[in-house]
Amino acid sequence: MSTRPERPGFAFARRQGATLAGWDGDIAQVVARDDAAPEVFAELRRHCRAPLRTERLDAASYDRRLQALYGEG
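Below is a short write-up of the structure. Predicted model, so just to flag it, every value in this text is computed and none were measured. In this convention, every chain numbers its residues from 1, walking through the sequence in written order. Per-residue local features are limited, in this predicted model, to residues with pLDDT of at least 70; the limit for side-chain atom pairs, both in listing and counting, is 80 or more; totals at the level of whole chains, interfaces and linings are taken over all residues. Hydrogen atoms and water are omitted, and side-chain values are computed over all heavy atoms in the structure.

### Focus on helix H2 (residues 38–48)
The condition that has to hold: For every residue, the accessible area obtained with a 1.4 Å probe (protein chains only) is divided by the maximum for its type, and the residue is called buried under 20%, exposed over 50%, and partly exposed between those limits. Strands are runs of DSSP state E lasting at least 2 residues, helices are runs of H or I lasting at least 4, and numbering of each runs from the N terminus. Here the arc refers to the set of directions running from the helix axis out to each C-beta atom. It only takes one pair of heavy atoms within 4.5 Å for two residues to be counted as in contact.
When we look at burial in H2, the residues that qualify are Val40, Phe41, Leu44 and Cys48. Seen along its axis, H2 keeps its buried residues to an arc of 100°; they face one direction. For H2, the exposed residues lying more than 90 degrees away from the buried face are Pro38, Glu39 and Arg46. Elements that come into contact with the buried residues of H2 comprise helix H1 (10–16), strand E1 (18–24), strand E2 (27–33) and strand E3 (52–57). At the C-terminal side of H2, Arg49 shows a positive phi close to 55°.

Following this line, the structure appears as structure tokens:
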């Protein structure tokens, strides 16, 4: 059984406005800012090697989610 890829680094998530939040079976759960570019989703799909389910958030909500996912430090 293959292992799932790790979450992209914080710098990627902050700069690109999207990151892997977790998994639901074989589907990668992604959170993204409303302004995230389509190319970011293509990159995440390549990184995860799986279909994506995306939750779009406003900038403030996305920042709060990043803090929860990556920790305060």
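### Here we look at the pattern of salt bridges
Spelled out, the test is: Salt bridges are defined as contacts in which a side-chain nitrogen from Lys or Arg sits within 4 Å of a carboxyl oxygen from Asp or Glu.
A complete count under the given rule lists six salt bridges for this structure. Between Arg33 and Asp35 there is a salt bridge, with its nearest N and O atoms 2.8 Å apart. Relative accessible area serves as the criterion here: at 16%, Arg33 is assigned to the buried category. Taking relative accessible area as the criterion, Asp35 reaches 57% and is therefore assigned exposed. Between Arg65 and Glu55 there is a salt bridge whose closest N-O contact spans 3.3 Å. Of this pair, Arg65 sits in helix H3 (residues 59–70) while Glu55 sits in strand E3; the two residues are 10 residues apart in sequence, bridging distant segments of the chain.

### Side note on the nonpolar core
This is how it is decided: Residues enter a nonpolar core if they are buried and are Ala, Val, Leu, Ile, Met, Phe, Trp, Tyr or Cys, with the set joined through side-chain atoms within 4.5 Å.
Phe12, Ala18, Val30, Ala32, Ala36, Val40, Phe41 and Leu44 form the largest nonpolar core, which has eight residues in total. Where this core is concerned, the elements lending two or more residues are E2 and H2. Per-element tally for this core: the top contributor is H2, with three residues. Filtering out sequence-adjacent residues up to four positions away, Val30 remains in contact with Ala18, Thr19, Ala21, Phe41, Leu44, Leu52, Arg53, Thr54 and Glu55.

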